[in-house]
Structures are given as structure tokens and as C-alpha cells.
Amino acid sequence: MSLNWMTTQENSLPEATAGNDREFTVYRADVKSPDNQNVQRAIEATTEKACELLEGNIQDDSRYLLFGWNVDTATLTIVVTDDGKVRDSHAVVQCTFATEGQPLNTEDIQFWIKDFLSSYAPFLRYSLIAAFYCGSRNDCVLL
């Protein structure tokens, strides 16, 4: 699935912690069709976009490729971050889903990310840990 990415420059992100004193380049896409097949394809395309940006995103202290799911806004946010999950990368990838009032299954989203990453060679070249959270970064699980 091909997504149309819009790029913006932002000084802060709602999901980021106060330790980030940097400007972010945010790549955003919207998905209008909420059926499971399109959601899965969009999750894979969003993950692929984040992996395309890895080379320029990794810093000396980078540890995680962090996937954050916001149930309220149906938005997946992907960043590279450090051990404490406070110093995020400059490039951020976000995909928002038009759910028409029906929430997406968080477990499905987590599974699709894990399934995609397990065989995606561009991600496997890096020694990053993939982690997923819904709610708080302190409550993330490894993928």
C-alpha cells in the first residue's frame, strides 16, 4: 500500500517527553478506509517508512524503535529513542486512521508490526529493539 506522506517541522510532540529540546520532522499519513486488510497494509507501510529513515535517525544512544498507539486518536507514532525513552530522533512517522467511531484492535496492530518486522531485512540490519506501547512509554512491551 502506498501512503501519501506530508512533512511538517515541529518543535514538540504530544507523545515526547520534556527531555526533547529539538525540532522534529514529522511524516504524516491518513488512512480513510478502516477495514482490517487496509489497516494492516497501512501499518506495514508506516513501519517501512520509519525503517527507511533509520540511517539518519540513529544516534550513539539509540536503543529502541518505539511504536506508540493512541487509541483515542487512532494514531500510530514511530520514533527512534534512547534507553530511557526520553531523547527521540529528529524524524517521526505518524499514521492516523479514520475509524468511523469503531476502535481498532490494539492487539492486532501490535501483532502486525511484530509480524512485519520479523522478516523485514532493512530493520534487521540495525541493532535496535522494537517496542510497543499504548498509553504510557513506561509500559511498553518488546516486539
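Criteria and cut-off values
Residues numbered from 1 in each chain as written. Predicted model: local features only at pLDDT ≥ 70, side-chain atom pairs only at ≥ 80, totals over all residues. Heavy atoms only, no water. Axes fitted to C-alpha atoms, helices over the stretch in contact; angles between N-to-C directions. Helix = DSSP H or I, 4+ residues; strand = E, 2+ residues; numbered from the N terminus. Parallel < 35°, antiparallel > 145°, perpendicular 65-115°, else oblique. Left-handed = near helix turned anticlockwise from the far one by under 90°. Contact = heavy atoms within 4.5 Å. Nonpolar A, V, L, I, M, F, W, Y, C, P; charged D, E, K, R; others polar. Salt bridge = Lys/Arg side-chain N within 4 Å of Asp/Glu carboxyl O. Pairing = 2+ DSSP bridges.

How should the packing of helix α1 (residues 36-52) against helix α3 (residues 106-117) be read in this particular structure?
A pair of packed helices can be characterised by two numbers: the angle between their axes and the separation between those axes. The N-to-C vectors of α1 and α3 enclose an angle of 50°; their axes lie 10 Å apart at closest approach. As judged from the angle between their axes, α1 and α3 are oblique. Where α1 crosses over α3, the two elements pack in a sense that is right-handed. Contact with α1, carried on its side by N36, V39, Q40, I43, E44, T47, E48 and C51, involves D108, I109, W112, I113, F116 and L117 of α3 and no other residues of that element. Its residues placed into classes, the contact of α1 with α3 shows eight nonpolar, three polar and three charged.

I tried to follow the pattern of salt bridges on my own but got confused; where do I start?
If the charged atoms of two oppositely charged side chains come close together, the side chains can form a pair. Applying the stated rule across the entire model yields three salt bridges. Among the ionic pairs, E10 bridges to R28, the shortest N-O distance being 2.6 Å. Of this pair, E10 sits in strand β1 (residues 6-10) while R28 sits in strand β2 (residues 24-31), and the two are 18 residues apart along the sequence. Between D83 and R63 there is a salt bridge; the shortest N-O distance is 2.6 Å. Of this pair, D83 sits in the loop between β4 (75-82) and β5 (91-97) while R63 is found in strand β3 (residues 62-70), placing the two residues 20 residues apart along the sequence.

Sorry if this is basic, but what is going on with the sheet that holds strand β6 (residues 129-134) here?
The strands that make up a sheet pair up through hydrogen bonds in the backbone, lying either parallel or antiparallel. The strand order β1-β2-β5-β4-β3-β6-β7 describes an open sheet built from seven strands, whose pairing is mixed. In this open sheet, the two edge strands, each paired with only one partner strand, are β1 and β7 (141-142). The pairing of β2 with β5 spans seven bridges and is parallel. Each residue of the ladder has a partner; that of V26, found in β5, is V92. α1 rests against β2, β3, β4 and β5 of the sheet, and its axis sits at about 170° to β5. Along the sheet, α3 contacts β3, β4, β6 and β7; its crossing angle with β6, the most-contacted strand, is approximately 170°.

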